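Results of the structural survey
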Number of protein chains: 2
Amino acid sequence: MSEFSLIHTHFKHLTAPHQHTVLGIGDDCAISNIPPNSQLVSCVDTLVAGRHFVHETSPHAIAYKSVAVNLSDLASMGATPYAILVGLSLPKSMANDDFCQAFAEGLAVACTPFGVELIGGDTTSSPILTISVTALGFVPHGQAITRQGACVGDVVCVSDTVGLASLALHGILDDLNGDGHANRPPESLPEKLRQAMQYPAPQVALGKRLIGFANSMIDISDGLGQDLGHILTASNVGAVIELDAIPSHALLDALPHAQKWQHQINGGDDYQLCLTMTKQNFKKFNQSYPNSIFAIGEIVAQKGLTLMNDHQKVDLTVQGWAHF
Amino acid sequence: MSEFSLIHTHFKHLTAPHQHTVLGIGDDCAISNIPPNSQLVSCVDTLVAGRHFVHETSPHAIAYKSVAVNLSDLASMGATPYAILVGLSLPKSMANDDFCQAFAEGLAVACTPFGVELIGGDTTSSPILTISVTALGFVPHGQAITRQGACVGDVVCVSDTVGLASLALHGILDDLNGDGHANRPPESLPEKLRQAMQYPAPQVALGKRLIGFANSMIDISDGLGQDLGHILTASNVGAVIELDAIPSHALLDALPHAQKWQHQINGGDDYQLCLTMTKQNFKKFNQSYPNSIFAIGEIVAQKGLTLMNDHQKVDLTVQGWAHF
């Protein structure tokens, strides 16, 4: 197991100590203080090679994303990220300095902007690269934004463009039911697309600002249609969305409408926020933070998700993001 | 992904809601209150099929142990377990009701005695069964017992017999460097051995009682020799251990000395506690809780671990528990 002790050295002083950490990596458990008047927010997401990322993905990008998707979950509650614990299972062929250094750097790049500390980890050998990250954060007592608060009349908003990560994935795979290998390397993508797929930015600052404004929130990991659907189900309401109001990009606009909408509604992995708030709050929020959220529709009493374009109902099946 | 939604239904109401949980499974994150004057204690452990358990292990036993090893880490700090988050990656062949129900029951059997709630999870498809569990607990502010406090003159103690789990593993495998398959099914073992290997009991109640008594503590997951070694290194001291003082069992006593000691010093997976405390505290603790900890040696100034038998130094190489 000496190679695994070696890995440990890459991770031990990777991130700066957080003021709330009493004891970090190196004992059986980490010990942390919780800020006053705060609640703990926690989540776990697992990434498996060939399913959540193509095998050709760099260790740096894999590590970055395994953290970012979890920080995005914290952001969607309005929480302030605090720390991560990483369960890393990797093939012996990857238990070397090159892989581990790049992986550790990817973790650090994801953690550092948010002051997140790596406080715990477990590294094991496995036939398949698997990364399970638990993220911990804090939220002011009783202020977390959940999926349950959407009210009829609320404006439905997203934080930015959705669909680019899906477009990127389709750009490197010819068949989403393939073997997890890319037909073209991620590096062959236009930079904007590669960034969208490999280095999504968790909307942490925005999520925190939305406390006191948003009635409900979720991050868009499985596709806007499905994720907004979770808000609708949890809140017992419906929504009407104007497809043309969804923030887009020239690369998406260049596609036929049906394809563009597929990426925007059913494509996952964008990690933008989807949220709802009253019209009054929407106006106030936009005055304080212009161009940081974009109205795409409205919460209605009638259940289900209705997609509209040019005053016409669009018939598009909302389906989950089935990882290839 | 419909089979994975199905799995979710097995886990959603598996454990009773904990009084400190504000929001459990079903949103992007869980939300928890922290008890007053407490610190958060957290850890993660990952189990991979064929490495941490033989492929022939029942889903019930796999799930139980994936939780128990983490609760044991909490116990070794003196913490009170609160909740777990489970990252479960499983082959499609296991994504069925039979597997998932047995797995869920195993989780529940491990959680329920300690009032632990499953507050978060992520289920993904993977070629190899991998379970990454994060455990959260609470400890009274500043009272956690770490590896760092061992003092010269401290009594070294263990909570009970060590070596049985190792003996069990050797009983079903002919070669520890094999393919992760058992040569004999776990069910062929004597019940005492199978329980030791598959259903270790985390020493949670004892760990909590040791607050205010123990100077240092660790749980024995990788072998008494290596784990006590972590205390010695962290505390910058050494220890002399009397091999005959280590709590044993007839099945171990039946072996030649050298084999018995190998299991007791280098065999892992027992999840008993190893701790140190002053002689005065040892006397007091034994009066309050007789027969719950057993003195096996003493902390000394000279670095390293010395093993003694019948006034003679025993030459036995302490090595880590290399998972087969």
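Note that the structure is predicted; figures quoted are calculated from it, not measured.

The subject of this paragraph is the nonpolar core. Within the largest apolar cluster, 118 residues are counted, with the highest numbers of intra-cluster contacts made by L210(A) and L210(B). The residues touching L210(B), leaving out its near neighbours within four places in the chain, are I145(B), M217(B), L273(B), L275(B), M277(B) and F285(B).

Turning next to the environment of G225(B). Tracing the backbone shows G225(B) in helix α7 (residues 224-235). Sequence-distant contacts of G225(B), that is, excluding residues within four places in its chain, are made with I265(B), L305(B) and V318(B).

As recorded in UniProt, the sites labelled "binding site: Mg(2+) 3" (unreviewed entry) are D28(A), D73(A) and D219(A). These annotated residues cover 192 residues of sequence, and their C-alpha atoms reach 32.5 Å apart at the extremes, leaving them scattered rather than at a single site. On the secondary structure map, D28(A) appears in the loop between β1 (21-23) and β2 (30-32). If we ignore the near neighbours within four places in the chain, the residues touching D28(A) are C43(B), D73(B), S76(B), M77(B), R147(B), M217(B), I218(B) and D219(B). Engagement of the side chain of D28(A) in a polar contact is seen with the side chain of S76(B), the distance being 3.1 Å. Tracing the backbone shows D73(A) in helix α2 (residues 59-75). Setting aside its immediate chain neighbours within four residues, D73(A) contacts C43(A), D45(A), D219(A), D28(B) and C29(B).

The way to describe two aromatic rings as a pair is by their centre distance and the angle between their planes. Residues and elements named next belong to chain A. Using the criterion set out here, one finds twelve aromatic pairs over all chains in the structure. Considering the side-chain rings of Y64 and Y199, the 4.9 Å spacing of their centres and the 50 degrees angle between planes classify their relative orientation as tilted. Of this pair, Y64 sits in helix α2 while Y199 sits in the loop between α5 (191-198) and α6 (204-209), and the two are 135 residues apart along the sequence. Among the residues examined, Y64 registers a relative accessible area of 9% and is labelled buried. Classification of Y199 by relative accessible area gives buried; the value is 18%. When the centroid spacing of 5.0 Å and the interplanar angle of 20 degrees are considered together, the rings of Y82 and F138 count as stacked.

Moving on, we get to the relation of the copies chain A and chain B. Rotating chain A by 180 degrees and translating it 0.0 Å along the rotation axis places it on chain B, where the RMSD comes to 0.0 Å. Classification of the inter-copy transformation places it as that of a two-fold axis. Most of the interface of chain A is mirrored in chain B, where 98% of its interface residues again form contacts.

Residue and element names in this part refer to chain A. With ten of its eleven residues buried, strand β4 (residues 80-90) lies for the most part within the structure. As judged from the nine bridges shared by β4 and strand β6 (residues 130-140), these two strands associate in the antiparallel manner. The residue of β6 that forms the bridge with T80 is F138. With eight bridges joining them, β4 and strand β5 (residues 117-125) adopt parallel strand pairing. Across the sheet, S89 pairs through a bridge with T124, a residue of β5. For the handedness criterion, the β-α-β arrangement of β4, helix α3 (residues 97-111) and β5 is classed as right-handed.

All names here are of chain A. When the UniProt feature table is mapped onto this chain, "binding site: Mg(2+) 4" (unreviewed entry) is found at D28 and D73. Spatial dispersion of the annotated residues is evident: they stretch over 46 residues in sequence, and the largest pairwise C-alpha distance comes to 26.3 Å. Owing to a relative accessible area of 8%, D73 belongs among the buried residues under this scheme.

Before going further, it helps to spend a moment on the sheet that holds strand β12 (residues 304-309) of chain B. Residue and element names in this part refer to chain B. The strand order β8-β10-β7-β11-β9-β12-β13 describes an open sheet built from seven strands, whose pairing is mixed. Pairing within the sheet leaves two strands with one partner each, and these edge strands are β8 (216-219) and β13 (312-313). Pairing geometry for strand β7 (residues 155-158) and strand β10 (residues 273-277), over four bridges, is antiparallel. Looking at the pairing, C157 lines up with L275 of β10. Of the strands in this sheet, β7, β8, β9 (238-242), β10, β11 (294-300) and β12 touch α7, which is tilted by about 150 degrees from β8.

Scoring rules and cut-offs
Residues numbered from 1 in each chain as written. Chains lettered and ligands numbered in written order. Predicted model: local features only at pLDDT ≥ 70, side-chain atom pairs only at ≥ 80, totals over all residues. Heavy atoms only, no water. Core = buried A, V, L, I, M, F, W, Y, C linked by side-chain atoms within 4.5 Å. Buried < 20%, exposed > 50% of the residue type's maximum accessible area, 1.4 Å probe, protein only. Contact = heavy atoms within 4.5 Å. Helix = DSSP H or I, 4+ residues; strand = E, 2+ residues; numbered from the N terminus. UniProt positions renumbered as here; feature names shortened; annotations may be inferred. Polar contact = N/O pair within 3.5 Å; in protein donor to acceptor, adjacent residues only side chain to side chain. Phe/Tyr/Trp six-rings, centres within 6.5 Å; stacked < 30°, edge-to-face > 60°. Least-squares fit on C-alpha atoms with pLDDT ≥ 70 in both. Pairing = 2+ DSSP bridges. Right-handed = clockwise from strand over helix to strand, strands pointing away. Axes fitted to C-alpha atoms, helices over the stretch in contact; angles between N-to-C directions.

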